[in-house]
Amino acid sequence: MPLQWSSDLEVGIFELDAQQKELFSRFEAFSDDIEKEHGHNGVADFIGFLDRYAHEHLKYEEHLQDKTGFPGRDEHRTAHRHFMDELESIKARMNSGGDTKELAFLIKGMLIRWIITHSKHLDKEFSDFLLAASEKAEQEFVKKRLGEILVASDLVSRATLERALERQKETGKRLGIILLEMGVAGKEDISSALMVQEGKSRFTKKLGNILVESGLITYATLEHALENQKCCGKLLGTVMIDMGVLKIEEVIDAQAIQKGMLKMDSPALHGGTE
Ligand SMILES: [Fe+2]
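The structure presented is a predicted model; accordingly, all values stated were derived computationally and were not measured.

Chemist: What am I meant to see in the overall build of the protein chain here?
Modeler: Of regular secondary structure, the protein chain possesses twelve helices and zero strands. Counting helices and strands in the order they occur from the N terminus, the protein chain gives α-α-α-α-α-α-α-α-α-α-α-α. Along the three orthogonal principal directions, the C-alpha set of the protein chain runs to about 85 × 35 × 35 Å. Here the protein chain, with 274 residues, has 24% of them falling under the buried criterion. The long-range fraction of contacts in the protein chain, counting pairs at least 24 apart against all pairs at least 6 apart in sequence, stands at 67%.

Chemist: I would appreciate a short explanation of the nonpolar core in the present structure.
Modeler: Ranked by internal contacts, the top residues of the largest apolar core, which has 22 residues, are Ile-13, Leu-211, Ile-217, Met-240, Ile-252 and Ala-256. At the level of secondary structure, the elements contributing two or more residues to this core comprise helix H4 (101-141), helix H9 (207-213), helix H10 (219-232), helix H11 (236-243) and helix H12 (248-258). Tallying contributions element by element places H12 first for this core, with five residues. Taken together, domain 1 (7-138) and domain 3 (204-274) each give at least three residues to this core, which thus spans both.

Chemist: I tried to follow the environment of Glu-56 on my own but got confused; where do I start?
Modeler: Looking at the element boundaries, Glu-56 is found in helix H2 (residues 43-68). Residues Glu-56 and Gln-19, spaced 37 residues apart in sequence, show a C-alpha to C-alpha distance of 8.7 Å.

Chemist: I'm lost on helix H1 (residues 14-35) in this one. Help?
Modeler: What sets the pattern is the α-helix's 3.6 residues per turn: residues three or four places apart point alike. Between its terminal C-alpha atoms H1 stretches 32 Å, which fits the 32 Å expected from 22 residues at 1.5 Å a residue. Among the residues making up H1, those that are buried are Glu-15, Leu-16, Phe-27 and Phe-30. Seen from one end, H1 has its buried residues packed into an arc of 110°, which puts them on one side. Facing away from the buried side of H1 by over 90 degrees, the exposed positions are Ala-18, Ser-25, Ala-29, Asp-32 and Glu-35. If you follow the buried residues of H1, they end up packed against H2, H4 and H12.

Chemist: Where do I start with the environment of Gln-19 in this structure?
Modeler: Looking at the secondary structure, you find Gln-19 in helix H1. Each C-alpha atom, one on Gln-19 and one on Arg-52, is 9.9 Å from the other, the two residues being 33 residues apart in sequence. Those residues in contact with Gln-19 that lie beyond four places of it in its chain are Tyr-53, Glu-56 and His-57.

Chemist: Any chance you could explain the packing of H2 against H12 here in plain terms?
Modeler: A pair of packed helices is captured by two measures, namely the crossing angle of their axes and the spacing between those axes. Two numbers describe how H2 lies on H12: the axes approach to 10 Å, and their chain directions differ by 45°. In terms of axis orientation, H2 runs oblique to H12. As H2 runs across H12, the sense of the crossing is right-handed. Here Tyr-60, His-63, Leu-64, Lys-67 and Thr-68 of H2 lie close against H12, whose contacting residues are Ile-248, Glu-249, Ile-252, Asp-253 and Ala-256. Here the contact of H2 with H12 is built from residues that sort into five nonpolar, two polar and three charged.

Chemist: Would you mind showing me how to read H12 here?
Modeler: With eight of its eleven residues buried, H12 lies for the most part within the structure. Every buried residue belonging to H12 is among Val-251, Ile-252, Asp-253, Ala-254, Gln-255, Ala-256, Ile-257 and Gln-258, and all of these are buried. Residues of H12 that are buried make contact with H1, H2, H9 and H11.

Chemist: Help me understand the domain arrangement of the protein chain, please; the structure alone is not making it clear to me.
Modeler: Interfaces are often sized by the amount of accessible area the parts lose when they come together. Segmentation of the protein chain into domains returns domain 1 (7-138), domain 2 (143-198) and domain 3 (204-274). For domain 1 versus domain 3, the distance between C-alpha centres works out to 26 Å. Between domain 1 and domain 3, the contact holds 16 residues from the first and 17 residues from the second. Taken together, the elements giving at least two residues each to the side of domain 1 that touches domain 3 come down to H1, H2 and H4. Residue contributions to the side of domain 1 that touches domain 3 peak at six residues, all from H2. Classifying every residue of the side of domain 1 that touches domain 3 gives eight nonpolar, four polar and four charged.

Chemist: I'm lost on the packing of helix H6 (residues 158-171) against helix H7 (residues 175-182) in this one. Help?
Modeler: One can describe the packing of H6 onto H7 by two numbers: an axis separation of 9 Å at closest approach and a directional angle of 115°. Judged by the sense of rotation from one axis to the other, the crossing of H6 with H7 is right-handed. Within the contact between the two elements, H6 uses Ala-164, Arg-167 and Gln-168 and H7 uses Leu-175, Ile-178, Leu-179 and Met-182. Per-class residue counts for the contact of H6 with H7 are five nonpolar, one polar and one charged.

Chemist: Please explain the environment of Asn-228 as it appears in this structure.
Modeler: Looking at the element boundaries, Asn-228 is found in helix H10. Taking the C-alpha atoms as reference points, Asn-228 and Met-240, separated by twelve residues in sequence, lie 9.1 Å from one another. Setting aside residues no more than four positions away along its own chain, Asn-228 makes contact with Val-239 and Met-243.

Rules used throughout
Residues numbered from 1 in each chain as written. Predicted model: local features only at pLDDT ≥ 70, side-chain atom pairs only at ≥ 80, totals over all residues. Helix = DSSP H or I, 4+ residues; strand = E, 2+ residues; numbered from the N terminus. Buried ≥ 20, exposed ≤ 12 C-beta atoms within 10 Å, placed from the backbone. Contact = placed C-beta atoms within 7 Å. Core = buried A, V, L, I, M, F, W, Y, C linked by C-beta atoms within 7 Å. Domains from an automatic or database assignment. Expected span 1.5 Å × (residues − 1). Arc of directions from axis to C-beta. Axes fitted to C-alpha atoms, helices over the stretch in contact; angles between N-to-C directions. Parallel < 35°, antiparallel > 145°, perpendicular 65-115°, else oblique. Left-handed = near helix turned anticlockwise from the far one by under 90°. Nonpolar A, V, L, I, M, F, W, Y, C, P; charged D, E, K, R; others polar.

As structure tokens, this is what we get:
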């Protein structure tokens, strides 16, 4: 269905994807209500949702476009401004004329245009750009040395790797065997690193470690968040937003780093653009 959410629209950043999916599902419910002749009762509520979408989702998307250097960001930002202008004009009509059926159809038309020309076209270009960056970063890990993959994945510290490599020179044994003998890595850790090396599995650095290394949170805060996460099953980033220790943009940046869309040494988690 042309106006429905499809997984190829995902950018792989949880918050952005969740907000976008909500737009599609809220729009579908709104359209159904209009068809059932009682739609205009939900106009004020839907406008309220669109206002939040415009001030949150579009802002976070622009934030990530700036951070990743997305080449189409100027054109994209112009389209966002146009959507916000249209929304302001709809809000003005609502304030002066109330939530009429005519207004409901006006909003529906605006959303159909938005989904076809923006969500399914310009947003898809951004999603493709992010996924290509992620794929490129992933490829850089294929054929990397086992020790480097283990360090980059936070499974082994740099100092431990150096001790293991020294021992390897003395014994001639394979690195994985030495790390197992030293008791510093488990069989599963070695197997997962080998899978990454062979290109059979994705490289992932833990989100919590990215946040600690960036200096945004302390290790104690991470432990506290992991404890809080146990009770509710939420994603770690969401738990930390709820705890008030992180802003949503910081979690988005950390996820982008985790997926290789941003580099750790970029200004991502240290200020930068709005
Ligand atoms: Fe967009």
